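Residue strings, one per chain:
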Amino acid sequence: NAGVTQTPKFQVLKTGQSMTLQCAQDMNHEYMSWYRQDPGMGLRLIHYSVGAGITDQGEVPNGYNVSRSTTEDFPLRLLSAAPSQTSVYFCASSYRQTNSPLHFGNGTRLTVT
Amino acid sequence: GQQVMQIPQYQHVQEGEDFTTYCNSSTTLSNIQWYKQRPGGHPVFLIQLVKSGEVKKQKRLTFQFGEAKKNSSLHITATQTTDVGTYFCAGQRRGGSQGNLIFGKGTKLSVKP
């Protein structure tokens, strides 16, 4: 099993550009989520999904969209990038939506200039 | 809203010294999870505590969950350079899904050989 696969690893965008961060898992996990990590801020939840066709907002959802058309994939879309979205983004999944360890991808380091 | 406070933010120790990080929640938790993130890496699940007063050990690591299920600690005995990284606790409130998993801001451990 590859686990949780995130692409790309690095990305530089200009303000106003759009892009999609990809996340895929091959563990048949029910739950998937996106976090951003900023220095001194820990991990903050952006969006999450408890199953295909179901998504919900986390702590910091503004400026981001998600969809979950399949169990395996959970892309994160930035519609109009802003410098405040410069961060490291982690996708994470778990077998169940409660009491279940999170498996993280390797992360995407995004810089918006 | 629910907060999970983690202290200290940084800890510098000499190799062989002990290390402890503490996690406190403003509300009663259903469970608490601990993760370790090596420099440049992604968070990796260490353990989950569910029962009041629970104590679990993993070699030199001891994890505790408070009687009131509002606090937790991670203690490392005789630190080694391989322990370097940031340790995060993540608390899940009762009845909540992983979408309600709140991460502390982490304790960054450095170990001087």
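Counting from 1, residues in each chain are numbered in the order their sequence is written. All chains are assigned letters beginning at A, and all ligands numbers beginning at 1, according to the order in which they are written. Residues qualify for local features only when their pLDDT is at least 70, as the model is predicted, and side-chain atom pairs are given and counted only at 80 or more; totals for whole chains, interfaces and linings, by contrast, use all residues. Excluded from the side-chain calculations are hydrogens and water; all other atoms, namely the structure's heavy atoms, are used.

1. Structural notes on the layout of surface pockets
In this approach the atoms are scanned with a rolling probe the size of a water molecule, which exposes any empty space left behind.
(1) Moving on: Grid points spaced at 1 Å over the protein atoms alone were grouped into cavities, where a 1.4 Å probe fits but cannot get out, and pockets, open sets with protein on both sides within 12 Å along at least five of seven lines, with lining residues defined by an atom within 4 Å of a point. Grid points are joined across faces, edges and corners, and a volume is the space filled by probe spheres set on the points. For the largest pocket, the calculated volume is near 1200 Å³.
(2) Moving on: In terms of lining residues, the largest pocket is bounded by 50 residues, among which Gln-37, Asp-38, Met-41 and Gly-42 of chain A together with Phe-88 of chain B are the most central.
(3) Moving on: Elements with a contribution of two residues or more to the lining of the largest pocket: β4 (31–38), β5 (42–51), β9 (87–94) and β11 (108–112) of chain A together with β1 (4–7), β9 (85–93), β10 (101–103) and β11 (107–112) of chain B. Each helix corresponds to a stretch of at least 4 residues labelled H or I by DSSP, and each strand to a stretch of at least 2 residues labelled E; elements are numbered beginning at the N terminus.

2. Remarks on the side chain of Ser-25 of chain B
(1) Moving on: Tracing the backbone through its elements, the reader meets Ser-25 of chain B in strand β3 (residues 19–25).
(2) Moving on: Relative accessibility thresholds used throughout: buried, under 20% of the residue-type maximum; exposed, over 50%; partly exposed, between the two (1.4 Å probe, protein chains only). In this structure Ser-25 of chain B comes out as buried when scored by relative accessible area, which is 10%.

3. Quick look at the sheet that holds β3 of chain B
Strands belonging to one sheet form pairs held by backbone hydrogen bonds; the direction of such a pair is parallel or antiparallel.
Residue and element names in this part refer to chain B.
(1) Moving on: In this scheme, strands are said to pair when DSSP sees at least two bridges between them. Taken together, the five strands give an open sheet; going across it, the order is β1-β3-β8-β7-β6, and neighbouring strands pair in antiparallel fashion. Strands at the two margins of the open sheet, each flanked by one partner only, are β1 and β6 (55–58). Strand-to-strand twist across the sheet, computed as the mean angle between neighbouring axes with direction ignored, equals 15°.
(2) Moving on: Where β1 lies against β3, four bridges are found, and the strand directions are antiparallel. The residue of β3 that forms the bridge with Gln-6 is Cys-23. Between N-to-C directions, angles span 0 to 180 degrees; the directions come from axes that are lines fitted to C-alpha atoms, helices contributing only their stretch in contact.

4. Description of the state of the cysteines
Residues and elements named next belong to chain A.
(1) Moving on: We call a pair of cysteine sulfur atoms a disulfide whenever their separation is within 2.5 Å. Applying the stated rule across the entire model yields two disulfides over all chains.
(2) Moving on: Residue Cys-23 pairs covalently with Cys-91 via a disulfide, S to S 1.8 Å. Between Cys-23 and Cys-91, the S-S dihedral sits near -70°, and the bridge is therefore left-handed. On the criterion of sequence distance, the pair formed by Cys-23 in strand β3 (residues 19–25) and Cys-91 in strand β9 is long-range, its members being 68 residues apart. When sorted by exposure, Cys-23 lands in the same class as Cys-91, which is buried.

5. Observations concerning the pattern of salt bridges
(1) Moving on: A pairing counts as a salt bridge when a side-chain nitrogen of Lys or Arg comes within 4 Å of a carboxyl oxygen of Asp or Glu. The full count for this structure, using the stated rule, is four salt bridges over all chains.
(2) Moving on: Across the salt bridge formed by Asp-38 of chain A and Arg-44 of chain A, the nearest N and O atoms sit 2.8 Å from each other.
(3) Moving on: Arg-44 of chain A sits in the buried class, given a relative accessible area of 17%.
(4) Moving on: The closest approach of N and O atoms between Glu-54 of chain B and Lys-56 of chain B, which form a salt bridge, is 3.7 Å.
(5) Moving on: On the accessibility criterion, Lys-56 of chain B (30% relative accessible area) is partly exposed.

6. Side note on the sheet that holds strand β7 (residues 64–66) of chain A
Residue and element names in this part refer to chain A.
(1) Moving on: The sheet built from four strands is open, its strands ordered β1-β3-β8-β7 with antiparallel pairing. The open sheet has two edge strands, β1 (4–7) and β7, and neither has a second partner. This sheet shows a mean twist of 20° between the axes of neighbouring strands, independent of strand direction.
(2) Moving on: Relative to strand β8 (residues 76–78), β7 runs antiparallel, the two sharing three bridges. Paired with Asn-65 across the bridge in β8 is Arg-77.

7. Side note on the environment of Lys-108 of chain B
All names here are of chain B.
(1) Moving on: Within the secondary structure, Lys-108 sits in strand β11.
(2) Moving on: You can call Lys-108 partly exposed: its relative accessible area is 47%.
(3) Moving on: Pairs of residues are marked as contacts when any of their non-hydrogen atoms sit within 4.5 Å. Leaving out residues up to four positions away in the same chain, Lys-108 has contacts with Gln-9, Tyr-10, Gln-11, Gly-85 and Thr-86.

8. Some points on the packing of aromatic side chains
(1) Moving on: Any Phe, Tyr or Trp ring, taking Trp's six-membered ring, that has another such ring centre within 6.5 Å forms a pair; planes under 30 degrees apart are called stacked, those over 60 apart edge-to-face, and the others tilted. On inspection of all chains with the given rule, the structure shows 12 aromatic pairs over all chains.
(2) Moving on: An angle of 75° between the planes, with centres 6.4 Å apart, marks the rings of Phe-104 of chain A and Phe-103 of chain B as edge-to-face. Taken together, the residues Phe-104 of chain A in strand β10 (residues 103–104) and Phe-103 of chain B in strand β10 connect one chain to another.
(3) Moving on: On the basis of relative accessible area, Phe-104 of chain A is assigned to the buried category, the value being 6%.
(4) Moving on: Note on Phe-88 of chain B and Phe-103 of chain B: the rings are 6.4 Å apart at their centroids and 80° apart in plane angle, and the pair reads as edge-to-face. Note that Phe-88 of chain B is positioned in strand β9 and Phe-103 of chain B in strand β10, a separation of 15 residues in sequence. Accessibility assignment for this pair places Phe-88 of chain B and Phe-103 of chain B in one class, buried.

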